[in-house]
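Observations on chain architecture
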Amino acid sequence: MTLLSEDQSARPQPCRLPEPGMHFGDSQDHYSTHCGGSKEDYVDSVENPVFGAVEPPRRSRGCLILHAMVMFGREFCYAVEAAFVTPVLLSVGLPRSLYSLVWLISPILGFLLQPIIGSASDYCRSPWGRRRPYILSLGILMLLGITLFLNGDAVISALVSDRSLRSIWAIVVVMIGVVLFDFAADFIDGPIKAYLFDVCSYQDKERGLHYHALLTGLGGACGYLVGAMDWGHSFLGQLLGSEYQVIYFFSALTWGIFLTVHLLSIPEQPLGKVTTPSDLSPPSALRLLGSHNNGYGALSKDLTPPAVPAVVSDLRPRSFSALGEANSVTSSAKQPNKEKRMTFRSLLKAVINMPSHYRCLCISHLLGWTAFLCNMLFFTDFMGQIVYKGNPYADHNSTAYMTYERGVEVGCWGLCINAVSSALYSYVQRLLLPYIGLKGLYFVGYFVFGLGTSLIGLFPNIIATLILCSVFGVMSSTLYTIPFNLIAEYQREEEGQLKLHGSHETTRGTGVDCAALTCMVQLAQIIVGAGLGALVNMAGSVIVVVLSASAMSLFGCLFIALFIRHVE
């Protein structure tokens, strides 16, 4: 996508820049401080030597695949958590009325801290880079969380002999593991995406995101597949002690290997690198980008006179992708001592002041994620209790509990179908887009999910439920792609209007728009965690979970049809 008009001769002439290959330090006398061009001229002139100095080199397909391997490991572990968190919590004795509250702590922390941590990674001056220290720390927290989650009951049973104390400590340890894992797994996606955009050129960013999406689907499918197998009577089950220990072994091994491969895949440039005098440059195009008035969502104003030299090594290329801006949260053109760090207060202010069509998009995203999480977080429990009519509170050697475990395993097969259908539907979206547009795809995703979950809730048959699990993938792919594409289109329209009117005003920061969307996911988890447990307790059956998901999704359909703005 280019921000320039097709008539190249009609555009204003940019600043005179040094010849290609000439170093900044050797070419200061060749610069002119007079600029007749607009901001867009500098954004799109990728051939200019200024951008050649900060644009990362092209990456090979192998490097991009190795970099994306972490998404396979993350989604593998995520699938294990989604499939087993409710059965594990119920098996250690957590009361039914409280089991959804475990989801409250992590999203509350995420909702409050995500903008701050995202901004902190932008300012990290570790010699290992800005993103990798955060990725490693969060990766270790993920491993610790899944260790406590899947092994907490066995460890407490071996250490505590008193039965009542054993139950209390098992609940506490497992809940701590779930919160730690969920917190770290939610947060790690931001630094991973920001790492990709820091080290890749514009052309490689889209390729990298494609490999991320592909390996995310494969990782989820493999994670659910491992959970669907009966490991209790296998050789590994007898060797390691139980089914949960076998699943933990595969999860920890997969995550450890792929996290290491990811961290070593592409070198990252440290932010605090010491520069030599030859690295200093006269007024660069990157500084000129920030010299105009900022609008909603642009958190800083560049008030530095153009004649002041900038340090090139403290700059990174601007991200042209909405998803990249979303995960790095703050503006990707780092300008030391001039850019404000984003806080929860600044994000909240930006959300309140955003245009109505962005606010409606956030509301529809909140409705969609609330419906999706209602179903996904409790689906295996629904299969065990409603479809198979098992009992998670029965003795572990009883027929009722074994039936419940069988239902959980079959539920994992259903979630595996969901992961595969999500990957396939991402390609179907490309075929449907020219015919029904982004708003049509958005409506179809919510409608198909609402219709499918209503049929599952009304007719809980094993075969029909497994077939209808494919609609979960349609909703998943919709939530991960369409809202961000709509934001990109809204911003493209605004840029076109500014160009049409000859305005030099800076468009809003895409990062703030997308950070607001991301926070809707945490808010949906808070709503689900706070309300769903009480709803199940009042209804006396987990069937209300699936029906609630259906009702919320169909209401989201109506909201999309009435309030989401159509884009060509």
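Conventions and cut-offs
Residues numbered from 1 in each chain as written. Predicted model: local features only at pLDDT ≥ 70, side-chain atom pairs only at ≥ 80, totals over all residues. Heavy atoms only, no water. Helix = DSSP H or I, 4+ residues; strand = E, 2+ residues; numbered from the N terminus. Buried < 20%, exposed > 50% of the residue type's maximum accessible area, 1.4 Å probe, protein only. Contact = heavy atoms within 4.5 Å. Areas by Shrake-Rupley, 256 points an atom, 1.4 Å probe, with all protein chains shown as cover. Salt bridge = Lys/Arg side-chain N within 4 Å of Asp/Glu carboxyl O. Axes fitted to C-alpha atoms, helices over the stretch in contact; angles between N-to-C directions. Parallel < 35°, antiparallel > 145°, perpendicular 65-115°, else oblique. Nonpolar A, V, L, I, M, F, W, Y, C, P; charged D, E, K, R; others polar. Core = buried A, V, L, I, M, F, W, Y, C linked by side-chain atoms within 4.5 Å. pLDDT = per-residue confidence, 0-100. Phe/Tyr/Trp six-rings, centres within 6.5 Å; stacked < 30°, edge-to-face > 60°. Left-handed = near helix turned anticlockwise from the far one by under 90°. Polar contact = N/O pair within 3.5 Å; in protein donor to acceptor, adjacent residues only side chain to side chain. Patch = residues over 30% accessible without salt bridge, like charges linked within 9 Å, V, L, I, M, F, W, Y side chains within 5 Å. Disulfide = S-S within 2.5 Å.

1. Thoughts on the overall build of the protein chain
Helix and strand content of the protein chain: 19 helices and 2 strands. Counting across all 568 residues of the protein chain, residues that qualify as buried make up 55%. The contacts of the protein chain with a sequence gap of at least 6 include a subset with a gap of at least 24, amounting to 82%. Carbon and sulfur atoms make up 65% of the accessible area of the protein chain, which totals about 24,100 Å².

2. Some points on the pattern of salt bridges
Scanning the model with the defined rule gives 3 salt bridges in all. The shortest N-O distance in the salt bridge between Glu75 and Arg74 comes to 3.7 Å. No difference in accessibility class separates Glu75 from Arg74, as the two residues are buried. We note a salt bridge from Arg406 to Glu409, for which the minimum N-O separation is 3.4 Å. Of this pair, Arg406 and Glu409 both sit in helix α15 (residues 399–458), 3 residues apart, roughly one helical turn. Look at Arg406 and you get partly exposed, because its relative accessible area is 43%. Its relative accessible area of 7% is what places Glu409 among the buried residues.

3. Some details on the packing of helix α13 (residues 356–376) against helix α17 (residues 470–500)
For the pair α13 and α17, the least separation of the axes is 10 Å and the interaxial angle reads 170 degrees. By the angle between their directions, the pair α13 and α17 is classed as roughly antiparallel. Contacts from His357, Tyr358, Leu361, His365, Gly368, Trp369, Phe372, Asn375 and Met376 in α13 reach Phe472, Met475, Ser476, Leu479, Tyr480, Pro483, Leu486, Ile487, Tyr490, Gln491 and Glu494 in α17. Of the residues assigned to the contact of α13 with α17, the class counts are 13 nonpolar, 6 polar and 1 charged.

4. So, unusual backbone geometry
In this structure, Lys389 is a non-glycine residue whose phi angle is positive, near 60 degrees. Its place among the elements puts Lys389 in the loop between α14 (379–387) and α15. With a relative accessible area of 68%, Lys389 lands in the exposed category.

5. Considerations on the nonpolar core
In this structure, Phe84, Phe149, Tyr224 and Leu486 are the most contacted members of the largest nonpolar core, which totals 132 residues. Among the elements that take part in this core, helix α3 (residues 61–91) stands out by supplying 18 residues, more than any other. In contact with Tyr224, other than residues within four places in its own chain, are Ala79, Ala82, Ala83, Met376, Cys412, Leu415, Cys416, Asn418 and Ala419.

6. Overview of the confidence of the model for the protein chain
For the protein chain, the mean per-residue pLDDT works out to 74, and 71% of the residues sit at or above 70. Confidence, expressed as mean pLDDT per element, reaches its minimum in the protein chain at helix α10 (residues 285–289) with 31 and its maximum at helix α19 (residues 543–563) with 94. This stretch, residues 1–53, has a pLDDT under 50; its non-local contacts, to residues over four places away or in other chains, come to 81 contacts. Predicted confidence for residues 274–339 stays below pLDDT 50, and this span has 159 contacts to residues more than four positions away or in other chains.

7. A closer look at α14
Among the 9 residues that make up α14, 9 are buried, leaving the element largely enclosed by the rest of the structure. Listed as buried for α14 are Phe379, Thr380, Asp381, Phe382, Met383, Gly384, Gln385, Ile386 and Val387. Considering only its buried residues, α14 is in contact with α3, α13, α15, α16 (462–468), α17 and α19.

8. What to know about the packing of aromatic side chains
For the structure on display, the rule yields 16 aromatic pairs. For the pair Tyr401 and Tyr404, a centre-to-centre distance of 6.4 Å together with 35 degrees between the ring planes defines the contact as tilted. Taken together, the residues Tyr401 and Tyr404, both in helix α15 and 3 residues apart, mark about one turn of the helix. As far as burial versus exposure is concerned, Tyr401 and Tyr404 are alike and both buried.

9. Some words on the side chain of Thr478
By the element assignment, Thr478 lies in helix α17. Here Thr478 is in contact with Tyr425, Gln429, Leu441, Tyr442, Gly445, Tyr446 and Pro483, once residues within four sequence places are set aside.

10. Points about the environment of Pro460
Relative to the assigned elements, Pro460 resides in the loop between α15 and α16. With relative accessibility at 31%, the residue Pro460 sits in the partly exposed group. Taking the C-alpha atoms as reference points, Pro460 and Val387, separated by 73 residues in sequence, lie 5.5 Å from one another. Not counting residues up to four positions away in its chain, the partners in contact with Pro460 are Phe382, Ile386, Val387 and Thr465.

11. Looking at the packing of α13 against α15
Contact geometry for α13 and α15: axes closest at 13 Å, N-to-C directions at 160 degrees. The angle between the axes of α13 and α15 places the two elements in the roughly antiparallel class. In this structure, α13 meets α15 at a crossing whose hand is right-handed. Side by side, α13 and α15 meet where Leu361, Ser364, His365, Gly368, Ala371, Phe372, Asn375 and Met376 of the first sit next to Leu415, Asn418, Tyr442, Tyr446, Phe449 and Thr453 of the second. Of the residues in the contact of α13 with α15, the class split is 8 nonpolar, 6 polar and no charged.

12. As for the side chain of Thr370
Following the sequence through the fold, Thr370 ends up in helix α13. A relative accessible area of 4% means that Thr370 is categorised as buried. Here Leu366 takes part through its backbone oxygen, which lies 2.7 Å from a polar atom of the side chain of Thr370. Apart from residues no more than four positions distant in its own chain, Thr370 is found in contact with Ala524, Ile527, Val528 and Met552.

13. What about a nonpolar patch on the surface?
A surface patch of nonpolar side chains, about 700 Å² in accessible area, is lined by Phe443, Phe447, Leu451, Leu455, Leu458, Phe459, Leu547 and Leu554. Of all the elements in the fold, those that place two or more residues in the nonpolar patch are α15 and α19. A per-element tally of the nonpolar patch places α15 first, with 5 residues. With respect to the secondary-structure elements, Leu455 resides in helix α15. A relative accessible area of 33% means that Leu455 is categorised as partly exposed.

14. Observations regarding the state of the cysteines
When the sulfur atoms of two cysteines share a covalent bond, that bond is a disulfide. According to the stated counting rule, one finds 0 disulfides in the structure shown. Between Cys200, a cysteine without a disulfide, and Cys63, which holds the nearest cysteine sulfur, the sulfur-to-sulfur distance is 8.8 Å. Not part of a disulfide, Cys360 finds its nearest cysteine sulfur in Cys362, a span of 9.4 Å. You can call Cys360 buried: its relative accessible area is 16%.

15. Some points on the environment of Leu562
As for its position among the elements, Leu562 is in helix α19. Separated by 202 residues in sequence, Leu562 and Cys360 have C-alpha atoms that sit 9.9 Å apart.

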